[in-house]
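In case you want the letters, here they are:
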Amino acid sequence: MISILCLLLLSAFFSFPIFVISQKLFLDPNHSHFDFKFLLQPDFKSALCFTFLQSILSGFLSVLFGFILALYLFDSNKSRIVNLLGSVFSIPSIVAGFGVVLLFGRSGWLGQIFPHASVYGLTGVLVANLFFAIPFSTAVFLQSFSGLPLSVLRVKQILNLSDKVFLKSVLLPYCKQSCLLIFFQTVLITAQNFTLAIILGGGPSSSTIETLIYQNIFFSYDLQKALTFALFQSLIFGGVGFLVFKSLPLGSNLQNTQPKNFLMTPINRIFPILILTFLGLIVAAIFVEGISSLVSEFRSFPFADFLLALRYSFLFAFFGSFICHIVVYVAAFCGVLLQIYGHQKFSKGFLSLLFVLATSSPVVSSLGYLLWLQNKIPIWKLVAIPFVQAVGLFAFILPFHFVVIKQTVEQNFKLISIMNISIFDQIKSVYIPAFKHSLKQGFLLGIIMVVGQFTVTAILAKPQVETVTGLIYRLMGQYQHTHAAIAAMLFLLIVCIVVSTFKVTQNA
Amino acid sequence: MVSPAANKPTLRVLTYSGFAGKHSAGEAAKELFEKTRQCVVDFRLVENSLAILADLKLSQGKGDSDLILGLDGYNLVDAMAYTEGLAPAEIKSISANLSEKIHGNFLPVDYSYLTFIVDTQKIKKIPGTWREFLLAKNLRKQLILQDPRSSSPGLGLLLSLQSVFKQDLPLQLAKLKEQTLTVGKGWSETYGLFTRGESGMVWSYTTSESYHRERENSKRYKAIYFEEGLLKQVEYAAVLKQAKNKTLALGFLKFLVSPPAQKLIAEKNWMLPVNPDARPLITTKALLEQMEPATILKVSDENLTQLGKSKLVEAWLKIF
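1. Some remarks on the overall build of chain B
At step 1: Within chain B, the regular secondary structure consists of 15 helices and 10 strands.
At step 2: Expected size for 320 residues packed as a compact globule is a radius of gyration near 20 Å; at 20 Å, chain B falls within 12% of this value.
At step 3: Overall size of chain B, expressed as C-alpha extent along the three principal axes, is 65 × 45 × 40 Å.
At step 4: Across the 320 residues of chain B, 60% fall into the buried class.

The structure is reproduced here in structure tokens:
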């Protein structure tokens, strides 16, 4: 009963922004009502098509490239590279977008070689999407490979299978679920793409729904349109979120000993090295631009503003990850307990509902809170930021912890009920030791994933406080591109140090 | 301990970040005003000129700003409802010195002309008319523009084209698309791409040429003065109805058009002063040498209404 109540409360918390938006659209007499005609307008239709075109293509390509790279990294046991790949998650997309221009733009390192090729439009958005999506899919595939039983890997040597046969008959069937998961998660992440479409889209025909919503709130101020798009988007993304949930390996065991230095004959090593070069060049372009700008503008760079923004970025990310972990643990515990008591359908239903609500996009959540807190004390908007970030993180953090939570609760449930141990003792002696490691890693991963986020803070933090991404965005708006480049480089450097120090993704 | 600022009245100014960021015209003007009036000026920054209007609408006239600064002339009709009228005596006393008219409740602060800036290292042959410009083969995929939905210069381009081509606009927009490399969100981002060498031309202000000449001692970037004319963009300020300290806000309005403030705005914001008395104070030679276009394009009132602008943007969306 308590479990159902908890899950109901969480569902209410997750659906709150959508409720506020729906209330404004359908019930508030001060606002115009929902109008279907907005969804038939050419700018929306074109944004809808582009949103899915770029995200589906990104999904396919990231599965392909991520698989190849993960295979190479798994085989050659390059943990440092795996670690550094993790820092890519935290790069603000605005920085990545400019990294792509620095590299592939007409004046870019590679762009000068092909002066007639244009990076603006679908190509540019795809390239930038892959910069984020390949490390993500590589991390998920590596996690999936770590669950491969040693005996399966030995089959190749024992039966002397060729690479092709081994891939086709052993690895691919095993990774089928991971492929689906990565595909849908990448579609979800890239469909919510906002900044990249602005920088690299090249015009309204290459715009995303998220960009249209932002545009209609902050420039045209057509709230009716923005809310209609937001509601429609949350419905679509909720559908994709449901597909992600269906692909989650929530019941499988991924915690087998990770085999390292397992000598599968490497498939062609040139391709994975090319992928790593592509990722590395964008990061290098950001560093080179930042360092050269720092040399010339060291004295005028606003270090005080940067440090303050850095503090806010990490503060919001810390609390966002913290709240997300409370939510994930409560949801997972309740879900598993329901399963133990034989309510499998209830458990799956609630978890999938939470998952669907969580994937309704940050702009929709932020917009809901913005409307709710519109005429209240500004500090409440800042308080709302970690909550919105926590909801956005849920879809990534739940799969990270679910299996460990499930196994631990199932293993200890009977023992605890027989011994009649108090909740406090259960937490102290059973759950804390069991979750300590994954909790630390998940918590850091959560911070890394939201520290460079833009949309939520852009909507809710302005004008009171500024995060690093907001600072970079503002500096670019003030035509201080060299300062923006320095801020981006310093931020990337700090995140790389954090990731390397705590070995976030390697252990994850 | 109470800080000295705590006892001073505060004036909250809603403006765009380019106007009032670090080392900007706004910051310099703020320092000067604070000294003379013993008050605190607090800038509330939004992304650009269009976002000022959106912010007013979002807060439904219940925000805490006293004054708006930097709203362009294309959005005055929409912002009128949120502003406080100026007394006729005030209008008379202020407008006597200004080259630009006071529009309703809005006081002009600075102006420039919208045009394309050319990188002469990339584009050798510069067209003289809008028609030549749209047909020039050497300009294919050479233009960087701003989105009219999120940028006031971007909207200015549409209004310029409408003013020149009238009913022929859709056809000319199709030609413009052929010449366009990319469309960005705002002026600053797109101008950054241009100066990085991404394209040969960018939609900007005639005063951008003066900036490069003065600051970088470079004649590489040139403004095009089309024979058909250029559109003037004037930036305005106004006291808001919601203002808590209207006297101080009015004082700041008057200060903005005074010669010392006009000098700061011209030199740091790279726009031209609306008060001719400020010209002798301006030390940036390139700004003073700034050419005036032979013809100034006129925009009909109909095109400046919400509906008129929406129709133009719709036409643009269909092509782009």
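There's plenty left to go through after this.
2. A look at the overall build of chain A
At step 1: Assigned secondary structure in chain A consists of 20 helices and zero strands.
At step 2: When the backbone C-alpha atoms are referred to their principal axes, chain A occupies close to 65 × 60 × 45 Å.
At step 3: The proportion of buried residues among the 508 residues of chain A is 59%.
At step 4: Long-range contacts, defined here as pairs at least 24 residues apart, represent 86% of the contacts in chain A between residues at least 6 apart.

3. Considerations on empty space enclosed by the protein
It is a probe the size of a water molecule, rolled over the atoms, that shows where empty space is left.
At step 1: The tally for this structure, following the rule as stated, stands at six cavities of 30 Å³ or more.
At step 2: Ile189(A), Gln192(A), Pro362(A), Met449(A) and Gln453(A) are the residues nearest the centre of the largest cavity, which is lined by 36 residues in total.
At step 3: Among the elements of the structure, α5 (122-146), α7 (163-191), α8 (195-200), α14 (362-372), α15 (379-419) and α16 (423-451) of chain A are those that each provide at least two residues to the lining of the largest cavity.
At step 4: Among the elements that make up the lining of the largest cavity, the one with the highest residue count is α15(A) (six residues).
At step 5: Classifying every residue of the lining of the largest cavity gives 19 nonpolar, 16 polar and one charged.
At step 6: Computed from the structure, the second largest cavity encloses a volume of approximately 170 Å³.
At step 7: Residue lining of the second largest cavity: 16 residues in total, with Ile198(A), Thr211(A), Gln215(A), Asp147(B) and Arg149(B) positioned closest to the centre.
At step 8: Counting only elements with at least two residues in the lining of the second largest cavity, the list comes to α8 and α9 (209-218) of chain A together with β6 (180-184) of chain B.
At step 9: In terms of residues, the lining of the second largest cavity owes the most to one element, α9(A), which gives three residues.
At step 10: Residues belonging to the lining of the second largest cavity are distributed by class as follows: six nonpolar, seven polar and three charged.

4. Examining the interface of chain B and chain A
Much of the literature gives interface size as the accessible area that the parts lose upon coming together.
At step 1: The interface of chain B with chain A comprises 39 residues on the first partner and 39 residues on the second.
At step 2: Together chain B and chain A conceal approximately 3600 Å² of surface at their shared face, both sides included; 53% is due to carbon and sulfur atoms.
At step 3: If you sort the residues of chain B by the area they bury against chain A, Leu58(B), Arg149(B) and Glu198(B) come out on top, with a joint share of 19%.
At step 4: The interface formed by chain B and chain A contains one salt bridge.
At step 5: In this structure, Glu289(A) and Arg196(B) form a salt bridge, with 2.8 Å as the shortest nitrogen-oxygen distance.
At step 6: Along the contact surface separating chain B from chain A lie 14 residue pairs in polar contact (both at pLDDT 80 or more).
At step 7: Looking at the side of chain B that touches chain A element by element, the count peaks at seven residues for helix α9 (residues 187-195) of chain B.
At step 8: In the side of chain B that touches chain A, the residues fall into 14 nonpolar, 13 polar and 12 charged.

5. Brief notes about the nonpolar core
At step 1: Membership of the largest hydrophobic core comes to 283 residues, with the highest contact counts inside it found for Phe145(A), Phe394(A), Phe116(B), Trp130(B), Phe133(B), Leu176(B) and Phe252(B).
At step 2: A total of 18 residues in this core trace back to one element, the largest contributor, which is α15(A).

6. A look at the packing of helix α6 (residues 150-159) of chain A against α7(A)
All names here are of chain A.
At step 1: Running from N to C, α6 and α7 point in directions that differ by 145°, and their axes come no closer than 10 Å. The interaxial crossing formed by α6 with α7 has right-handed handedness. Each of Val152, Leu153 and Lys156 in α6 lies in contact with α7, whose residues at this interface are Asp163, Phe166 and Val170.
At step 2: Across the contact of α6 with α7, the residue classes break down as four nonpolar, no polar and two charged.

7. Some words on the environment of Lys45(A)
Residue and element names in this part refer to chain A.
At step 1: Tracing the backbone shows Lys45 in helix α2 (residues 42-76).
At step 2: With 163 residues separating them in the primary sequence, Lys45 and Thr208 have C-alpha atoms 10.0 Å apart.
At step 3: Lys45 has contacts with Leu39 and Leu40, leaving out every residue within four places of it along the chain.

8. Considering the packing of aromatic side chains
At step 1: By the definition in use, this model includes 49 aromatic pairs over all chains.
At step 2: Seen from their ring centres, Phe67(A) and Phe141(A) are 5.3 Å apart, and the 80° between their planes marks the pair as edge-to-face. On the criterion of sequence distance, the pair formed by Phe67(A) in helix α2 and Phe141(A) in helix α5 is long-range, its members being 74 residues apart. For the pair Phe67(A) and Phe141(A), a shared accessibility class is recorded, and that class is buried.
At step 3: Ring centres of Phe33(B) and Phe252(B) lie 4.8 Å apart, and the angle between their planes is 75°; this geometry places the pair in the edge-to-face category. Of this pair, Phe33(B) sits in helix α2 (residues 25-37) while Phe252(B) sits in helix α11 (residues 246-256), and the two are 219 residues apart along the sequence.
At step 4: Relative accessible area serves as the criterion here: at 1%, Phe33(B) is assigned to the buried category.
At step 5: The exposure class of Phe252(B) is buried, given its relative accessible area of 1%.
At step 6: One aromatic cluster is present, built from ring pairs that chain together Phe116(B), Trp130(B), Phe133(B), Trp203(B) and Phe226(B).

9. Remarks on the pattern of salt bridges
Residues and elements named next belong to chain B.
At step 1: For the structure on display, the rule yields 20 salt bridges over all chains.
At step 2: Arg149 is the salt-bridge partner of Asp147, the closest N and O atoms lying 2.8 Å from each other. The two residues Asp147 and Arg149 agree in class, both being buried.
At step 3: Arg213 is the partner of Glu289 in a salt bridge, and the nearest nitrogen-oxygen pair spans 3.5 Å. Placement of Glu289 in the loop between α13 (285-288) and α14 (301-304) and of Arg213 in helix α10 (residues 207-215) is noted, with a sequence separation of 76 residues between them.
At step 4: On the accessibility criterion, Glu289 (44% relative accessible area) is partly exposed.
At step 5: On the accessibility criterion, Arg213 (28% relative accessible area) is partly exposed.

10. Remarks on helix α12 (residues 303-340) of chain A
At step 1: Compared with the 56 Å implied by 1.5 Å per residue over 38 residues, the 54 Å span of α12(A) between its first and last C-alpha is a close match.
At step 2: Following α12(A) by one or two positions, Gly342(A) has its phi on the positive side, about 85°.

11. Considering the pairing of strand β9 (residues 231-239) of chain B
All names here are of chain B.
At step 1: Burial analysis of β9 places eight of its nine residues in the buried class, which makes it a mostly covered element.
At step 2: Across five bridges, the pairing between strand β3 (residues 67-72) and β9 is antiparallel. Residue pairing across strands places Leu69 opposite Ala237, the latter belonging to β9.
At step 3: Sheet topology places strand β4 (residues 107-119) next to β9; seven bridges connect them, and they run antiparallel. Residue pairing across strands places Asp110 opposite Glu235, the latter belonging to β9.

Analysis parameters
Residues numbered from 1 in each chain as written. Chains lettered and ligands numbered in written order. Predicted model: local features only at pLDDT ≥ 70, side-chain atom pairs only at ≥ 80, totals over all residues. Heavy atoms only, no water. Helix = DSSP H or I, 4+ residues; strand = E, 2+ residues; numbered from the N terminus. Rg over C-alpha atoms; globule rule 2.2 N^0.38 Å. Buried < 20%, exposed > 50% of the residue type's maximum accessible area, 1.4 Å probe, protein only. Contact = heavy atoms within 4.5 Å. 1 Å grid on protein atoms, 1.4 Å probe; cavity = no way out; pocket = protein on both sides within 12 Å on 5 of 7 lines; lining within 4 Å. Points joined across faces, edges and corners; volume = space filled by probe spheres on them. Nonpolar A, V, L, I, M, F, W, Y, C, P; charged D, E, K, R; others polar. Buried area = accessible area lost by both parts, 1.4 Å probe. Salt bridge = Lys/Arg side-chain N within 4 Å of Asp/Glu carboxyl O. Polar contact = N/O pair within 3.5 Å; in protein donor to acceptor, adjacent residues only side chain to side chain. Core = buried A, V, L, I, M, F, W, Y, C linked by side-chain atoms within 4.5 Å. Axes fitted to C-alpha atoms, helices over the stretch in contact; angles between N-to-C directions. Left-handed = near helix turned anticlockwise from the far one by under 90°. Phe/Tyr/Trp six-rings, centres within 6.5 Å; stacked < 30°, edge-to-face > 60°. Expected span 1.5 Å × (residues − 1). Pairing = 2+ DSSP bridges.

Take it as geometry only, folks, not as evidence of what the structure does.
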